[in-house]
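So the chains spell out like this:
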Amino acid sequence: MKQGQITTPCYVIHKERLDGQIALLKKALDENWGNHITGYSFKTNALPWVLMQMKRAGFYAEVVSEDEYNLARYMGFSHVIYNGPVKSRDSFLDALSRGHMVNLDAEQELDWLEASGLKEVQVGLRVNFDLEAVCPGETSSGEDGGRFGFSYETGALQRAAERLAGMGVKLSGLHLHVSSRTRSINIYRALARMAVKLKQEYGWKPAYIDIGGGYFGGMENRPEFPAYMEAIREELSAGYTPEETTLVVEPGTSLITPPVEYLTAVVDCKDTYAGRFVVTNGSRSDIDPLHGKRSYFHEVGYELADRNDCYAIPEEVLYAWEEEGQENPAEGREILDRQVICGHTCMENDRLFVLEGRPALRPGDVIAYRKVGGYTMCLTPLFIRYFPPVYVKEGGQLTCVRERWGTEEYVRKSHFRDAF
Ligand SMILES: Cc1ncc(COP(=O)(O)O)c(C=O)c1O
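Please read these numbers as outputs of a predicted model, since none were measured by experiment.

1. So, the site of the ligand
Among the 16 residues in the neighbourhood of the ligand, the closest are listed as Gly-214, Glu-250, Gly-252, Thr-253 and Tyr-375. One of the backbone nitrogen or oxygen atoms of Thr-253 is found 2.9 Å away from an oxygen atom of the ligand. A total of 400 Å² of accessible area belongs to the ligand in isolation, and the protein chains cover 89% of it. Its residues assigned to classes, the shell around the ligand shows two nonpolar, nine polar and five charged.

2. Quick look at the packing of aromatic side chains
Counted by the stated rule, this structure contains 14 aromatic pairs. A centroid spacing of 5.4 Å and a plane angle of 65 degrees characterise the contact between Phe-42 and Phe-77, whose relative ring orientation is edge-to-face. Note that Phe-42 is positioned in the loop between β3 (36–41) and α2 (48–56) and Phe-77 in the loop between α3 (66–74) and β5 (80–82), a separation of 35 residues in sequence. No difference in accessibility class separates Phe-42 from Phe-77, as the two residues are buried.

3. Considerations on helix α1 (residues 15–32)
Taking 1.5 Å of rise per residue, 18 residues should cover 26 Å, and α1 covers 26 Å from first to last C-alpha, within 8% of that figure. For α1, the complete set of buried residues consists of Lys-15, Leu-18, Gln-21, Ile-22, Leu-25, Lys-26, Ala-28, Leu-29 and Asn-32. Down the axis, α1 shows its buried residues gathered within 165 degrees of arc, on one side only.

4. Focus on the pattern of salt bridges
Pairs may arise between side chains of opposite charge once their charged atoms sit close together. Within this structure, the stated rule accounts for 24 salt bridges. The salt bridge involving Arg-370 is made with Glu-261; its shortest N-O contact spans 2.0 Å. With Arg-370 in strand β18 (residues 366–370) and Glu-261 in strand β12 (residues 260–272), this pair connects stretches of sequence that are 109 residues apart. Classification of Glu-261 as buried rests on a relative accessible area of 1%.

5. Some remarks on the domain arrangement of the protein chain
Often the size quoted for an interface is simply the accessible area lost on bringing the parts together. Considered domain by domain, the protein chain is made up of domain 1 (5–11 + 260–372 + 377–407) and domain 2 (33–256). Contacts between the two partners involve nine residues from domain 1, matched on the other side by eight residues from domain 2. For the pair domain 1 and domain 2, the summed buried area comes to about 700 Å², and 71% of that belongs to carbon and sulfur atoms. Joining domain 1 to domain 2, the criterion identifies zero salt bridges. At the boundary of domain 1 with domain 2, the tally comes to one residue pair in polar contact (both at pLDDT 80 or more). Looking at the side of domain 1 that touches domain 2, the elements that each hand over two or more residues are β19 (390–394) and β20 (397–402). Taken together, the residues of the side of domain 1 that touches domain 2 sort by class into seven nonpolar, no polar and two charged.

6. Details of the side chain of Asn-32
The residue Asn-32 is located in helix α1 in this model. With a relative accessible area of 12%, Asn-32 lands in the buried category. Reaching out from Asn-32, the side chain makes a polar contact with the side chain of Arg-233 at a distance of 2.8 Å.

Rules used throughout
- Residues numbered from 1 in each chain as written.
- Predicted model: local features only at pLDDT ≥ 70, side-chain atom pairs only at ≥ 80, totals over all residues.
- Heavy atoms only, no water.
- Near = heavy atom within 4 Å.
- Polar contact = N/O pair within 3.5 Å; in protein donor to acceptor, adjacent residues only side chain to side chain.
- Areas by Shrake-Rupley, 256 points an atom, 1.4 Å probe, with all protein chains shown as cover.
- Nonpolar A, V, L, I, M, F, W, Y, C, P; charged D, E, K, R; others polar.
- Phe/Tyr/Trp six-rings, centres within 6.5 Å; stacked < 30°, edge-to-face > 60°.
- Helix = DSSP H or I, 4+ residues; strand = E, 2+ residues; numbered from the N terminus.
- Buried < 20%, exposed > 50% of the residue type's maximum accessible area, 1.4 Å probe, protein only.
- Expected span 1.5 Å × (residues − 1).
- Arc of directions from axis to C-beta.
- Salt bridge = Lys/Arg side-chain N within 4 Å of Asp/Glu carboxyl O.
- Domains from an automatic or database assignment.
- Contact = heavy atoms within 4.5 Å.
- Buried area = accessible area lost by both parts, 1.4 Å probe.

Here it is as structure tokens:
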């Protein structure tokens, strides 16, 4: 990073916005279920800077693989919630013996636990049940049914609890995370009701209910943490009290999606028989790696990037645009009906959106995509160009927290690199 300017394409994390999301979550929990634990879902965005913020804010590491578990240990998290269908035996036993919360998701984990002879451990069972039946059209798996956890309907859940009892191991918790398409409040009501039903039916007294992640956050016309937590409290109170039971949440996207933006610069404009194509130096893969989104929050800033200096944006120019608003240097430009905004890769489908009825874009204009922090950086492919840099904006200061990856980072782990 040259002093005083940022490279495009890049991600910018707005620290104050991240702090705002964290504060909103904690307040909603305090007001509804004073006895709570907040986990941060590593998979959603495990950028080391982000993890450090979450650790400082008191979050537990919510991890779902040996690699994530090792990362949590490396980053110094003293509390871990270990979930996931495929844990390694070593990391599983390590987590248990260190007193971390481990939510079982597979029969072999019961075998490992039994063989280990460990008894004073914190284990929960991930619950698999037909949520689609009570929230039709809302779950990610739909009528095909979810595959995680032990099935309530087949009796596998009850059998797993009985196996634990047979080993002399207490069932500490119930893990109810389910991914939904709607992220609706209705989903959390149904999950909490299921927790109550299990208590009533089997007489279990779990010390914690882990209601999972999957909330909206920072999106207009969508629920926020207070509404979710209120609904959870209302339902959970039918069977549990904060005095006896800890509520665990493990959000990811609702915390880290809103504060992150992605800045790209226009590098070329061309007319073909099909119309105007605007080529930018970013890529759809950086904000929508699974190519599943239908639209992006975007904004255009005219003449912000320096065409003669690799489309870098001087910091003061960026501030003026984002904070003070800028005079419109696009005045006088031709208004075009349709401009197709494209990415830098060689894939025809690297097209981001169609800009309609706006001034003709030119090289050096900037397109910013907002609210792109969840399931983006962690899924960005090493395709054609390597990882973009990440900056943090805090109190009027920009700091680079991950440099752009180049050849050196790419070849670092290759065994034959000395032959180059
Ligand atoms: C077990 C578990 N917990 C938490 C999360 C976080 O979900 P989100 O990022 O939607 O909040 C996920 C995501 O799939 C998950 O699988």
